[in-house]
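Here is how the chains run, residue by residue.
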Amino acid sequence: MVIYGKQVCIYALQKHGNLVKRVYIAKKGILPQELFNQYKESVTFLEEKWAQKMSKNGNHQGILLEMEDFVQTPLSKMKQGKFLVVLDGLSDVGNIGAVVRSAYALGADGVIASRVKSLNFEGIARTSSGSLLSMPFFIHDNILDVFHELSDVGFKLYGASRNGEDIDTLSFSDKRVLVLGSEGDGISKRALSKLDKIVSIQMSHEFDSLNVSAAASILIHRMGK
């Protein structure tokens with residue numbers, strides 16, 4: 001896969017160099033000298049037009065990486081964790097990337113994307129500022145199967161909804177799952193019926209709702225304690 005942008009590429013070079021196949025540079029001085037020296041045998045300098053083509057006219061900021069394809073973490077390994085985040089029907093790369101970034105930063109053990117068959121891992125790596133490369137991530141199109149497997153090993157399922165109990169008044173099971181629905185539809189009806197509890201963020205002012213990635217950050221921080 002090809003990722004681009006200064007922040008995500010530097011993160012990948014610093015933390016996941018074993019996955020980097022080629023470094024493409026279209027802007028002098030974009031890499032710190034230490035990193036340039038470390039990867040100089042893998043560096044190819046590009047003209048701007050070729051960098052634009054490789055990034056499909058994205059904002060590459062002068063650096064792109066060709067990397068090994070992203071490898072998902074199997075559900076069997078995810079079940080060994082204590083705190084997981086399940087996405088119910090989310091498909092927007094920006095929102096998923098932001099949730100992954102918060103999940104990684106705030107201590108979740110993995111993210112499972114359900115009710116989708118495939119996702120753009122290059123885009124999620126970019127919008128997560130590279131944290132996807134460090135975060136166990138798995139796709140499973142049947143959310144009820146995911147719930148069944150997690151419940152069987154002792155996980156409790158907590159779904160986020162405007163009509164739930166105030167997150168600040170609750171305590172949580174040692175093995176817990178935060179379920180987040182899409183902004184348009186929320187958590188699907190079939191998934192709602194399987195949840196152990198519905199939780200929400202109490203608003204100081206009447207307002208429709210928070211963006212799903214903003215809400216995720218608050219909920220993950222609270223449930224991760």
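A quick note: this is a predicted structure, and the numbers were derived from the prediction, not measured. (Residues numbered from 1 in each chain as written. Predicted model: local features only at pLDDT ≥ 70, side-chain atom pairs only at ≥ 80, totals over all residues. Heavy atoms only, no water.)

What to know about the overall build of the chain
Within the chain, the regular secondary structure consists of 9 helices and 10 strands. Relative to the 2.2 N^0.38 estimate, which gives 17 Å for 225 residues, the radius of gyration of the chain is 19 Å and therefore close to what a compact globule would have. For the chain, the spread of C-alpha atoms along the three principal axes comes to 55 × 40 × 30 Å. Burial status across the chain gives 48% buried among its 225 residues. A separation of at least 24 residues holds for 76% of the contacts in the chain among residues at least 6 apart in sequence. In the form shown here, the chain has an accessible surface area of approximately 11700 Å², with 46% of it arising from carbon and sulfur atoms. Distance between charge centroids for the chain: 4 Å, based on 27 positive and 24 negative side chains. (Helix = DSSP H or I, 4+ residues; strand = E, 2+ residues; numbered from the N terminus. Rg over C-alpha atoms; globule rule 2.2 N^0.38 Å. Buried < 20%, exposed > 50% of the residue type's maximum accessible area, 1.4 Å probe, protein only. Contact = heavy atoms within 4.5 Å. Areas by Shrake-Rupley, 256 points an atom, 1.4 Å probe, with all protein chains shown as cover. Lys, Arg positive; Asp, Glu negative; His and termini not counted. Charge placed at Lys NZ, Arg CZ, Asp CG, Glu CD.)

Details of the packing of helix α5 (residues 93–105) against helix α9 (residues 212–223)
Where α5 contacts α9, the axes come no closer than 9 Å and their chain directions differ by 15°. Relative to α9, α5 is oriented roughly parallel. Both α5 and α9 take part in a crossing whose hand is right-handed. Seen from α5, the contacting residues are Asn95, Ala98, Val99, Ser102 and Ala103; seen from α9, they are Val212, Ser213, Ala216, Ser217 and Ile220. (Axes fitted to C-alpha atoms, helices over the stretch in contact; angles between N-to-C directions. Parallel < 35°, antiparallel > 145°, perpendicular 65-115°, else oblique. Left-handed = near helix turned anticlockwise from the far one by under 90°.)

Considerations on the nonpolar core
In this structure, Val23 and Phe137 are the most contacted members of the largest nonpolar core, which totals 54 residues. With 6 residues, α9 is the single largest residue contributor to this core. Apart from residues lying up to four places away in sequence, Phe137 is in contact with Phe70, Gln72, Thr73, Met78, Ile96, Val100, Val111, Ala113, Leu119, Phe121 and Leu132. Core analysis: the second largest hydrophobic core is formed by 17 residues, Leu84, Ile143, Phe155 and Val179 among them. (Core = buried A, V, L, I, M, F, W, Y, C linked by side-chain atoms within 4.5 Å.)

Comments concerning the pairing of strand β5 (residues 83–88)
Extensive coverage of β5 is indicated by the burial of 6 of its 6 residues. Covered by surrounding structure in β5 are Phe83, Val85 and Leu87 together with Leu84, Val86 and Asp88, the residues of both alternating faces. Sheet analysis places β5 next to strand β9 (residues 176–181), joined by 6 bridges and oriented parallel. Looking at the pairing, Asp88 lines up with Gly181 of β9. (Pairing = 2+ DSSP bridges.)

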